[in-house]
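# A closer look at the structure
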Amino acid sequence: MPLFNTRKGEKKVKVTFANGLLFVETDGGKPQAFPLEWFPQLLNATDEEREDWSQTEKGIRFNKLGVDVKL
């Protein structure tokens with residue numbers, strides 16, 4: 001399970017996949033679940049493609065896939 005810290009160390013985000021869902025949990029925040037059907041590129045992605053993500057001001061960006069998930 002990848003864990004990402006921003007450069008300033010202000011936020012932590014945990015991203016996981018299970019049962020056809022993308023789970024995003026922010027530090028101290030409520031976990032959010034997104035059906036992978038909403039993001040066909042993520043649904044069909046390899047583990048390597050799913051693990052290459054970064055936190056943005058508005059959410060998560062899966063770099064190799066060019067997919068943005070707004071939180």
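For the structure itself, look to the data block above.
Computed from a predicted structure; not experimentally measured.

### Focus: the sheet that holds strand S6 (residues 59-62)
- On the basis of which strands lie adjacent, the open sheet formed by three strands has the order S5-S6-S7 and antiparallel pairing. The outermost strands of the open sheet, each flanked by one partner alone, are strand S5 (53-55) and strand S7 (67-70). Mean inter-strand twist for the sheet, computed between neighbouring axes without regard to direction, equals 20 degrees.
- Sheet topology places S6 next to S7; four bridges connect them, and they run antiparallel. Bridge pairing in S7 links Phe-62 to Val-67.

About the criteria used
- Residues numbered from 1 in each chain as written.
- Predicted model: local features only at pLDDT ≥ 70, side-chain atom pairs only at ≥ 80, totals over all residues.
- Heavy atoms only, no water.
- Pairing = 2+ DSSP bridges.
- Helix = DSSP H or I, 4+ residues; strand = E, 2+ residues; numbered from the N terminus.
- Axes fitted to C-alpha atoms, helices over the stretch in contact; angles between N-to-C directions.

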